[in-house]
Amino acid sequence: MTSAIETTGLSYRASPNFAIHDLSLTVPAGALYGFLGPNGCGKTTTIRLLLGLLRPDAGSVRLLGEPVPQGLPAALARTGVVPDRPHLHPYLTVAESLAFHAAFYPAWDPGWATRLQRDFLLESDRKLAGLSKGEMAKLMFLLALCQRPDLLILDEPMDGLDPVVRRDVLGAMLDYVSTRTGTVFISSHLVHELERFCDWVGVMDAGRLVVELPMAEFRSGNKRIRLSGADTVEPGRASSSPPPFTLLARERDSGALETWVVRGWEPQMTGWFEQEGIVIREVADLDLEDGFVELLRAFRVGEQAQRSDHA
Amino acid sequence: MFANLDPKSAVPLYEQIGLRLKAAVATGELRPGNALPSVRQLAAKLRINPATVAQAYRGLEEQGFVELRQGAGTFVRSVGGDSRARERTAQARRLARGMLAEAARLGLSRPELRDAIRHELDGKGGIA
């Protein structure tokens, strides 16, 4: 098995105004996969489709190699989930919810659960109804981690948590993945959070997958290039040869200087600028957040153009 | 030692970690025989991918700064005086390169930069 999660042509109409379109995701086993997208782009719906909580209108899902929904019991036994909203019984105590959860998972690690409970300062006799948002998040992570899953699916797990709690839960998660080869699928609209540890990234917008690739490629392929002598050049016009990269954005700086944001950059592409008589002043990396924003902006312009073509 | 790692930097994180550790060896903050934190501890502490820490340690091992002892951990090797001096030179040059790149971006000329450095060195800066 090479993919922890694989979807093919997944489509699902959630409402008259919102649908998941032809979504094909591949999450390699062992990846720390950041699933990015703005609020409301379909991340949670996608996760619900992965977990068999929603049935797709078309397409298929494989979770840890098992077809969904037929193979769900086997797959879910090896999958830890932190959903966007806690689903635990509020009238249970911390100790009771641990015992309840443990009963479902044969690989449950009681020793680690005790240690994490202590590290997270979760007292056994507290009722869940009385836990703060941060304490609840820590409990959800503890439950998902201590079942020793092969796959962790985390839906906006850091949303609304204070920095101390964020560090606690991320630290525990990274501790876990360094002791075994597990796959983590983590959705977020907080891009900078994922930049530190994700090695794969998938970006969604408006129910569609915009891009999916290794983080290193995403980072190295997205550049901000400062140029002089570019003001007369219109890439794509008949007079100039088409650029070998994708131009995401372009802005006029002071004087004859321009900044281009490009995607799919490779070092030898400087040749194209020379050929066009443009001087490169500086080539700088875009961080994940800037790359993400520029990519979405360009994607939306393209979508809009397509829509008005159809109209 | 690992304060202010910058995931946004063009220098990959594994390289930043390697540079910090080499600097610590060069300045004597880390001494021969000292153990590095385990991959697991450091990844959790810095909230970075364990593979990134492992990659940094492998790089240091290849360059002879540390040795991996099976089951025991990663330890600083005794590096000779000239190797430490080499590393100090490398650190100083790295610093200078960074400054030159920044100066070029700002469009500063060589004389302007030289004057500024001389001015800072002559002043009450904290450098011996």
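Definitions and limits used
Residues numbered from 1 in each chain as written. Chains lettered and ligands numbered in written order. Predicted model: local features only at pLDDT ≥ 70, side-chain atom pairs only at ≥ 80, totals over all residues. Contact = placed C-beta atoms within 7 Å. Helix = DSSP H or I, 4+ residues; strand = E, 2+ residues; numbered from the N terminus. Nonpolar A, V, L, I, M, F, W, Y, C, P; charged D, E, K, R; others polar. Axes fitted to C-alpha atoms, helices over the stretch in contact; angles between N-to-C directions. Parallel < 35°, antiparallel > 145°, perpendicular 65-115°, else oblique. Left-handed = near helix turned anticlockwise from the far one by under 90°. Pairing = 2+ DSSP bridges. Domains from an automatic or database assignment. Buried ≥ 20, exposed ≤ 12 C-beta atoms within 10 Å, placed from the backbone. Arc of directions from axis to C-beta. Core = buried A, V, L, I, M, F, W, Y, C linked by C-beta atoms within 7 Å.

Description of the interface of chain A and chain B
- Contact residues are listed per partner, giving 17 residues for chain A and 14 residues for chain B.
- Contributions of two or more residues to the side of chain A that touches chain B are made by α6 (163–179) and β15 (279–285) of chain A.
- It is α6 of chain A that provides the largest number of residues to the side of chain A that touches chain B, a total of 8 residues.
- For the side of chain A that touches chain B, the residue count by class is 6 nonpolar, 3 polar and 8 charged.

As for the packing of helix α1 (residues 13–27) of chain B against helix α3 (residues 50–62) of chain B
All names here are of chain B.
- Running from amino to carboxyl end, α1 crosses α3 at an angle of 50 degrees, the nearest separation of the two axes being 8 Å. One way to sum up the angle between α1 and α3 is to call them oblique. Crossing of α1 over α3 shows right-handed handedness. From α1, Leu-13, Tyr-14, Ile-17, Gly-18 and Leu-21 reach across to α3, where they touch Thr-52, Val-53, Gln-55, Ala-56, Gly-59 and Leu-60.
- Considered class by class, the residues forming the contact of α1 with α3 number 7 nonpolar, 4 polar and no charged.

A word on the sheet that holds strand β13 (residues 246–252) of chain A
Residue and element names in this part refer to chain A.
- Strand order in this open sheet of 4 strands is β13-β14-β12-β15, and the pairing throughout is antiparallel. The sheet is open, and its two edges are formed by β13 and β15, each paired on a single side. Within this sheet the neighbouring strands show an average axis-to-axis angle of 20 degrees, counted without direction.
- Alignment of β13 against strand β14 (residues 257–263), held across 6 bridges, turns out to be antiparallel. The residue of β14 that forms the bridge with Leu-247 is Val-262.

Quick word on the domain arrangement of chain A
Residue and element names in this part refer to chain A.
- Each assigned domain of chain A is listed here: domain 1 (3–214) and domain 2 (218–310).
- The distance between the C-alpha centroids of domain 1 and domain 2 comes to 36 Å.
- Between domain 1 and domain 2, the residue contacts involve 11 residues of the former and 10 residues of the latter.
- Residue assignment for the side of domain 1 that touches domain 2 shows that the elements contributing at least two residues are α7 (191–195), β10 (200–205) and β11 (208–214).

Some words on helix α3 (residues 94–102) of chain A
All names here are of chain A.
- For α3, the set of buried residues is Val-94, Ser-97 and Leu-98. All buried residues of α3 fall inside an arc of 105 degrees around its axis, so they share one side.
- Where α3 is buried, its residues touch α4 (110–119) and α5 (133–146).

With respect to the domain arrangement of chain B
Residues and elements named next belong to chain B.
- Each assigned domain of chain B is listed here: domain 1 (13–76) and domain 2 (81–122).
- Domain 1 puts 4 residues into the contact, and the matching count from domain 2 is 4 residues.
- Here the side of domain 1 that touches domain 2 is built from residues that sort into 3 nonpolar, no polar and 1 charged.

Concerning the environment of Leu-51 of chain A
All names here are of chain A.
- By secondary structure assignment, the location of Leu-51 is in the loop between α1 (43–50) and β5 (58–63).
- For Leu-51 and Ala-305, which are 254 residues apart along the polypeptide, the C-alpha to C-alpha distance reads 34 Å.
- For Leu-51, the contacting residues outside a window of four places in its chain are Val-81 and Ile-153.

Comments concerning the nonpolar core
- Tyr-33, Phe-141, Ile-153, Met-173, Val-184 and Phe-185 of chain A are the most contacted members of the largest nonpolar core, which has 99 residues in total.
- Those residues in contact with Phe-141 of chain A, other than ones at most four positions away along the chain, are Val-82, Val-169, Ala-172 and Met-173 of chain A.

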